[in-house]
Amino acid sequence: MMLNIHIILEVLIAIFSVSTLTEEDQQSAQEFPIDDTNWVSVRKKGLAHADKTMFLELLLDDEQGMRLVFIARPRRFGKSAFILMAENFFRGQQELFRGLKIFERGNRDFYDKTELEFYDQQVSSSPFLNNSKWMEFPVISLSFRDIVPFSNFSEFHRKYEGAIKFIANRNNISLDSFNNYDIVDLIEALRKKCHRLPVVILVDDYSAPIEYALYLRNDTTLAEEITQFFDIFFGNIKSANDK
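Residues numbered from 1 in each chain as written. Predicted model: local features only at pLDDT ≥ 70, side-chain atom pairs only at ≥ 80, totals over all residues. Heavy atoms only, no water.

1. Observations concerning the nonpolar core
Piece 1. Formed by 29 residues in total, the largest nonpolar core has its most connected members in Ile140, Leu142, Phe144, Tyr160, Ile183, Leu186 and Phe233.
Piece 2. For this core, the secondary structure elements donating two or more residues are β1 (139-143), α7 (153-170), α8 (183-193), α9 (208-216) and α10 (220-242).
Piece 3. Ranked by residues supplied to this core, first place goes to α10 with 8 residues.
Piece 4. Counting 25 residues, the second largest nonpolar core, distinct from the first, contains Trp39, Leu59, Val139 and Cys194. (Core = buried A, V, L, I, M, F, W, Y, C linked by side-chain atoms within 4.5 Å. Buried < 20%, exposed > 50% of the residue type's maximum accessible area, 1.4 Å probe, protein only. Helix = DSSP H or I, 4+ residues; strand = E, 2+ residues; numbered from the N terminus.)

As structure tokens, then:
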């Protein structure tokens, strides 16, 4: 009941706030993204949204560097939008962040200060360096919701390999040296290409294939196979992170 009261109060406050705007203010007010959940699209269209870039600062300020971060439920909480925002943040797409809290700080602090000094000395003219506050980090962004649907584990894994190939091709990385088109091969290839810069890995909706196998295909064996895949998948990422 308390939650419902809070929601009603928020609606009443919103209605009251809108009603007290002058006609000029209402004309200049930003539109809301009614059916657009793509963060990049919302920014480019100049639609109204909450500035959540302060959460990106948690990634910069954590003493241990927030090397491994897990964002759990609740559903419809903006996790996918946040991951898309983080992807563009680490890619150094600074113009998308102009006017937001994080813009003046940039993303450079994410890189360890000692390593950054070495990076500046070795590759000061690198195209991965935009300006004094913004850098372009290599990013692997995977949404496992894009792999659904599939009829069996072989098709699931084939679609996963396709996603790895797509990211490699996007970064102009040759696939000749890849063993099984695995994420470990991709991480190492990006490290070499990007002067040993840390690789940012963003994984979204990893539970989607498991839920699809369980609830839509009613196939517990397939769900177990996918669960075992993710045990290896995340284990490999952790091992690469420890190197």
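2. Some points on the side chain of Asn88
Piece 1. The topology assignment puts Asn88 in helix α5 (residues 79-90).
Piece 2. Assessed through its relative accessible area of 11%, Asn88 is described here as buried.
Piece 3. In contact with Asn88, not counting residues within four places along its chain, are Trp39, Val40, Gln93, Leu96 and Phe97. (Contact = heavy atoms within 4.5 Å.)

3. Topic: the pattern of salt bridges
Piece 1. Following the criterion strictly, the structure yields 8 salt bridges and no others.
Piece 2. As a salt-bridge pair, Glu57 and Arg105 come within 3.0 Å of each other at their nearest N and O atoms. Taken together, the residues Glu57 in helix α4 (residues 54-61) and Arg105 in the loop between α5 and α6 (113-122) connect sequence positions 48 residues apart.
Piece 3. On the accessibility criterion, Glu57 (13% relative accessible area) is buried. (Salt bridge = Lys/Arg side-chain N within 4 Å of Asp/Glu carboxyl O.)

4. Comments concerning the pairing of strand β2 (residues 200-204)
Piece 1. Side chains Val200, Leu202 and Asp204 of β2 all project onto a buried face; the interleaved residues Ile201 and Val203 project onto a face where none is buried.
Piece 2. As judged from the 5 bridges shared by β1 and β2, these two strands associate in the parallel manner. Paired with Ile140 across the two strands is Ile201, which belongs to β2. (Pairing = 2+ DSSP bridges.)

5. Quick look at the side chain of Asp204
Piece 1. Tracing the sequence through the fold places Asp204 in strand β2.
Piece 2. Buried Asp204, no salt bridge; nearest opposite-charge side chain is Lys79, N-O distance 6.7 Å.
Piece 3. Ignoring any residue separated from it by four or fewer positions in sequence, one finds Asp204 in contact with Ser80, Ile83, Leu142, Ser143, Phe144 and Arg145. (Lys, Arg positive; Asp, Glu negative; His and termini not counted.)

6. Focus on the packing of α4 against α5
Piece 1. Viewed as axis vectors pointing N to C, α4 and α5 meet at an angle of 55 degrees, and their least axial separation amounts to 11 Å. Considering the angle they form, α4 stands oblique to α5. The handedness of the crossing between α4 and α5 comes out as right-handed. Residues Phe55, Leu56, Leu59 and Leu60 of α4 lie in contact with α5, whose contacting residues are Phe82, Met85, Ala86, Phe89 and Phe90. (Axes fitted to C-alpha atoms, helices over the stretch in contact; angles between N-to-C directions. Parallel < 35°, antiparallel > 145°, perpendicular 65-115°, else oblique. Left-handed = near helix turned anticlockwise from the far one by under 90°.)

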